[in-house]
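Below are the chains, spelled out letter by letter.
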Amino acid sequence: MTAKRDYYEVLGVSKTTPINEIKSQYRKLALKFHPDRNKSKEAPEHFKEISEAYAVISDPEKKQIYDQYGHAGVDGRYSTEDIFQSASANFSDVFGRSGGGFDSIFESIFGRGGGFGERQQRGSDLLYQTLITLEDVLSGKKMEIELKKIIECNICNGSGCKPGTNQKTCNTCNGQGQVRRTRSMGFASFVTVEPCSSCRGRGSVIETPCSECKGSGKKKGTKKITFDIPPGVDNGDYTIPNEGDEIPGGINGDLIVRIRVQPHQNFKRDNADIFYDQNISMIDAALGRKVIVPILNGTEKIKIDSGIQPNTIIKLKGKGLPRINSRGRGDQYVRVVVNIPKKLSKHQQSLLEEFQNSFE
Ligand SMILES: [Zn+2]
Ligand SMILES: [Zn+2]
């Protein structure tokens, strides 16, 4: 949810703009975004936003509360119905009583049925878990999966109607998608417009349902999905928009790919850096030598200097993992582990004693 925008900003006016100018500014915007005229997806929401702003600002009492306390002040005192109900005169002022008058505006705002304003259904998000290796993290991985999910029915293409048949106008609401209901509160009564329950606000009903999906327009199925796991990823959830359960005429859910990186037998990882322990003998530490160490995509020859001390770290620059949000690769750190022989033969022992004596 985004934060509610400032009413003045929504209408493009200021606190001190005279009411007749606010009215003409609202009329201009209302004509532009009226869902009967503007077929864009955002139009109903936008229309509602400007109408609510106008309903509050055109009412001196509510304007004062809004100027002083902002949205919290207005929302705390009035319901949406209160706001529009008491501003009805201001709306008919703008549009006139006849032809596209307040009633139809009111319906646009409250009626969630009909062609517009219908709250779109959204498919469920799906979770797909995958285990990858550190080598995959290095090079990235192309994934091709068969995902079990709700898909649009291929027989009726999501319409729910048996092929060759069509939807027919709903009798309950005469295709309006909404029904009026008069409610009384105390002495006053007012009309609300609610989505038609027979057609769930669609305005039409299926006469002969598709036999494959029983009229729902969707069914269980599988879909082949390909995506790339980018180099450098770590454990975490990644969203592939729109690849969750499908909803014909609505918004598909998302696919959440949960990535776990398998522990590696040789390497430890810290972000883009790799750590590796290289064992060498006491003699090699003393005399120095060249050793071949594994790196993620091959091997690397490194030089152990004579007299190297235990736990010395040798850095292999750029031999780590790719950095996911920037360029280049991390480093590999090789820690030199010096092994002291646990058992010596008689001969080795006397050689070492001789070596020791050489210091005296
Ligand atoms: Zn079908
Ligand atoms: Zn209906």
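The paragraphs below set out a description of the structure included in this document.

Criteria and thresholds
Residues numbered from 1 in each chain as written. Chains lettered and ligands numbered in written order. Predicted model: local features only at pLDDT ≥ 70, side-chain atom pairs only at ≥ 80, totals over all residues. Heavy atoms only, no water. Helix = DSSP H or I, 4+ residues; strand = E, 2+ residues; numbered from the N terminus. Buried < 20%, exposed > 50% of the residue type's maximum accessible area, 1.4 Å probe, protein only. Areas by Shrake-Rupley, 256 points an atom, 1.4 Å probe, with all protein chains shown as cover. Donors = N, O, S within 2.8 Å, 3.2 Å for Na, K, Ca; no water. Tetrahedral: all angles 85-135°; square planar, octahedral: opposite > 155°, others 65-115°. Pairing = 2+ DSSP bridges. Axes fitted to C-alpha atoms, helices over the stretch in contact; angles between N-to-C directions. Salt bridge = Lys/Arg side-chain N within 4 Å of Asp/Glu carboxyl O.

In terms of regular secondary structure, the protein is built from ten helices and 15 strands. Across the 360 residues of the protein, 39% fall into the buried class. By element, 48% of the accessible surface of the protein is carried by carbon and sulfur atoms, the whole surface being about 21900 Å².

Surrounding the zinc ion (ligand 1) are the protein donor atoms Cys153 (SG), Cys156 (SG), Cys210 (SG) and Cys213 (SG), at 2.3 Å. Coordination at the zinc ion (ligand 1) is tetrahedral: its four donor atoms span angles of 104 to 117° at the metal. Each donor residue of the zinc ion (ligand 1) belongs to the same chain, and together they define the spacing C-x2-C-x53-C-x2-C. Here cysteine 210 lies in the loop between β6 (204-206) and β7 (218-229) and cysteine 153 lies in the loop between β2 (141-152) and β3 (167-169), a separation of 57 residues in the sequence. Looking at cysteine 153, the relative accessible area reads 0%, which means it is buried. Judged by relative accessible area, cysteine 210 falls into the buried class, the value being 1%.

Here we take up the pairing of strand β13 (residues 298-304). Side-chain direction in a regular strand flips from residue to residue, so the side chains alternate between the two faces of the sheet. Across seven bridges, the pairing between strand β12 (residues 289-295) and β13 is antiparallel. In the sheet register, isoleucine 295 faces β13, and the bridge partner there is glycine 298. Linking β12 back to β13 in an antiparallel pair, the connection comprises two residues.

Turning our eyes to something else, we now look at the coordination of the zinc ion (ligand 2). Bound to the zinc ion (ligand 2) on the protein side are Cys170 (SG), Cys173 (SG), Cys196 (SG) and Cys199 (SG), at distances that span 2.2 to 2.3 Å. Note that the zinc ion (ligand 2) binds four donor atoms; their angles at the metal cover 101 to 116°, and the shape is tetrahedral. Sequence spacing among the residues donating to the zinc ion (ligand 2) works out to C-x2-C-x22-C-x2-C. Of the two residues, cysteine 173 is situated in the loop between β3 and β4 (178-185) and cysteine 196 in the loop between β5 (188-195) and β6; the sequence distance between them amounts to 23 residues. You can call cysteine 173 buried: its relative accessible area is 4%.

Here the focus is the sheet that holds strand β15 (residues 332-339). Spatially, the four strands line up as an open sheet ordered β10-β11-β15-β14, and their pairing is mixed. Looking along the sheet, the strands with just one partner apiece sit at the ends: β10 (268-270) and β14 (313-316). Each adjacent strand pair in this sheet contributes to an overall mean axis angle of 30°, direction not counted. The sheet contact formed by strand β11 (residues 273-281) and β15 spans eight bridges and is parallel. Bridging across to β15, phenylalanine 275 finds its partner in tyrosine 333.

On to the pattern of salt bridges, then. Within this structure, the stated rule accounts for 21 salt bridges. For glutamate 243, the salt bridge is made with lysine 223, and the minimal N-O distance between the two is 3.2 Å. On the criterion of sequence distance, the pair formed by glutamate 243 in the loop between β8 (236-240) and β9 (255-261) and lysine 223 in strand β7 is long-range, its members being 20 residues apart. Exposure remark for glutamate 243: the relative accessible area of 18% places this residue in the buried category. When the shortest N-O distance is used, the salt bridge between arginine 289 and aspartate 284 registers 2.9 Å.

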